[in-house]
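Listed below, chain by chain, are the residues.
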Amino acid sequence: MGPQGSGKGTQAQLFARRHGYRILSTGDILRKEAMKGTELATQISNTMNEGGLISDELIFKVLRNHINELPKTENLILDGFPRTEKQAVQLDSVIDVTCTIYILLSVEEAVQRISGRVQCPEGHTYNTISAPPTEKDICDVDGLTLSQRKDDNEDAVRHRLAIHEKEIANVLGHYRTQQKLFTIHGDATIDEVSQEIEAKLAPYAN
Ligand code: AP5
Ligand code: MG
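Chemist: I'd love a proper account of the side chain of Asp28, names of residues and values included.
Modeler: Positionally, Asp28 belongs in helix H2 (residues 26–33). Reaching out from Asp28, the side chain makes a polar contact with the side chain of Arg31 at a distance of 2.8 Å. Ignoring any residue separated from it by four or fewer positions in sequence, one finds Asp28 in contact with Glu122 and Gly123.

Chemist: I'd love a proper account of the pattern of salt bridges, names of residues and values included.
Modeler: Opposite charge on two side chains makes pairing possible when the charged atoms of those side chains draw close. Going through the model one piece at a time under the given rule, you end up with 15 salt bridges. Glu74 is the partner of Arg22 in a salt bridge, and the nearest nitrogen-oxygen pair spans 3.3 Å. Highlighted residues: Arg22 in strand S1 (residues 22–25) and Glu74 in the loop between helix H4 (56–68) and strand S2 (76–79), separated in sequence by 52 residues. The class of Arg22 is partly exposed, set by a relative accessible area of 38%. Exposure remark for Glu74: the relative accessible area of 26% places this residue in the partly exposed category.

Chemist: Any chance you could break down the nonpolar core for me, citing the residues and the numbers?
Modeler: Membership of the largest hydrophobic core comes to 24 residues, with the highest contact counts inside it found for Met1, Leu24, Leu63, Phe81, Leu91 and Tyr175. Of all the secondary structure elements, the ones that give two or more residues to this core are H2, helix H3 (39–50), H4, helix H5 (85–92) and helix H7 (154–177). With 5 residues, the single largest contributor to this core is H4. Other than its neighbours up to four places away in sequence, Leu24 contacts Ile29, Leu63, His66, Ile67, Leu70, Leu76, Ile77, Leu78 and Asp79.

Chemist: Could you give an account of the packing of helix H6 (residues 107–115) against H7, with specific residues and numbers?
Modeler: Axis angle and axis distance: for two packed helices, these are the angle between their axes and the distance between the axes, and together they describe the pair. Between H6 and H7, the least distance of the axes is 10 Å, while the angle of their chain directions is 140°. Of the possible angle classes, the one that applies to H6 and H7 is oblique. For the crossing formed where H6 meets H7, the hand is right-handed. Taking contact as the criterion, the partners of Val107, Glu108, Ala110, Val111 and Ile114 in H6 are, on H7, Glu154, Val157, Arg158, Arg160 and Leu161. Residue composition of the contact of H6 with H7, by class: 6 nonpolar, no polar and 4 charged.

Chemist: Any details on the layout of surface pockets? Residues and values, ideally.
Modeler: In this structure, the second largest pocket encloses a volume near 950 Å³. Each residue belonging to the lining of the second largest pocket can be placed in one class, and the counts come to 24 nonpolar, 7 polar and 5 charged.

Chemist: An account of the site of ligand 1 is requested, with residue identities and associated values reported.
Modeler: Near ligand 1 there are 35 residues, and of these Thr10, Gly52, Arg83, Arg117 and Tyr126 occur at the shortest range. The contact in question runs from an oxygen atom of ligand 1 to an N or O atom on the backbone of Gly52, over 2.4 Å. Within the side chain of Arg117, a nitrogen or oxygen atom sits 2.6 Å from an oxygen atom of ligand 1. When the free accessible area of ligand 1 is taken as 1,000 Å², the share hidden by the protein chains comes to 97%. Contributing elements (two or more residues each) for the shell around ligand 1: helix H1 (8–19), H2, H6 and strand S5 (125–127). Of the residues forming the shell around ligand 1, the biggest block, 4 residues, is contributed by H2. Partitioned by chemical class, the residues of the shell around ligand 1 number 11 nonpolar, 16 polar and 8 charged.

Chemist: So what about the environment of Asp140? Which residues, and what values?
Modeler: Along the polypeptide, Asp140 turns up in the loop between S5 and H7. On the basis of relative accessibility, which here comes to 45%, the residue Asp140 falls in the partly exposed class. As a C-alpha pair, Asp140 and Val89 span 51 residues in sequence and 37 Å in three-dimensional space. Contacts of Asp140, omitting those with residues within four sequence positions, involve Tyr126, Pro133, Thr134 and Glu135.

Parameters and conventions
- Residues numbered from 1 in each chain as written.
- Chains lettered and ligands numbered in written order.
- Predicted model: local features only at pLDDT ≥ 70, side-chain atom pairs only at ≥ 80, totals over all residues.
- Heavy atoms only, no water.
- Helix = DSSP H or I, 4+ residues; strand = E, 2+ residues; numbered from the N terminus.
- Polar contact = N/O pair within 3.5 Å; in protein donor to acceptor, adjacent residues only side chain to side chain.
- Contact = heavy atoms within 4.5 Å.
- Salt bridge = Lys/Arg side-chain N within 4 Å of Asp/Glu carboxyl O.
- Buried < 20%, exposed > 50% of the residue type's maximum accessible area, 1.4 Å probe, protein only.
- Core = buried A, V, L, I, M, F, W, Y, C linked by side-chain atoms within 4.5 Å.
- Axes fitted to C-alpha atoms, helices over the stretch in contact; angles between N-to-C directions.
- Parallel < 35°, antiparallel > 145°, perpendicular 65-115°, else oblique.
- Left-handed = near helix turned anticlockwise from the far one by under 90°.
- Nonpolar A, V, L, I, M, F, W, Y, C, P; charged D, E, K, R; others polar.
- 1 Å grid on protein atoms, 1.4 Å probe; cavity = no way out; pocket = protein on both sides within 12 Å on 5 of 7 lines; lining within 4 Å.
- Points joined across faces, edges and corners; volume = space filled by probe spheres on them.
- Near = heavy atom within 4 Å.
- Areas by Shrake-Rupley, 256 points an atom, 1.4 Å probe, with all protein chains shown as cover.

In structure tokens form, the structure reads like this:
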């Protein structure tokens, strides 16, 4: 968990590659749904492009379908879920959450990072300033073309950040009560943040 641009996707990918975890990113899943050309896809796409949240019912149904398709023994990282207290409660009904990480970042740094972000259709993430791909506009991992996300404009980013600010305290409270919350400072280099996450998760990871 963390505000927009805090590095949820970047850190999930690093950790998953190192330890063989599968990532379920609700943002990536929704971006794929939004390309399907159905009426539901148009609704999802409009909400995301404005920086709003998809309803708790819909996002949970979509996530649960993905979880149910996986073997019960699969180790999972959830990137971007839960974002509301209701989602946290719903999640407890389908999986046993081992622990959660919240990455802190200031609004100014978040807006700046997002202006330089480029991604491939599979969600591999780069930054034209802090983490450029080896070859311009090409993903190092799968060779697909990199582009900017439609919701990476300043208005949508500020809207996403305002929603995050409103919802996150209750989500963090949920995991603090369960003693499953770690907080990490995101305003360091990608490697430094990654090392801090590794240290916190050492007792749990494979
Ligand atoms: P989602 O795709 O999850 O977007 P987000 O929450 O806005 O977060 P971002 O992906 O923008 O940021 P990030 O933290 O992953 O940062 P990143 O690693 O890319 O969700 C999109 C939309 O889907 C939502 O707005 C909503 O509409 C919907 N949605 C998703 N989940 C939902 C849910 N549970 N409920 C309801 N609706 C939902 O890094 C950002 C940039 O910074 C990159 O360029 C990266 O290279 C760079 N960077 C990363 N770390 C560092 C560092 N330490 N130093 C310098 N640069 C860095
Ligand atoms: Mg992300």
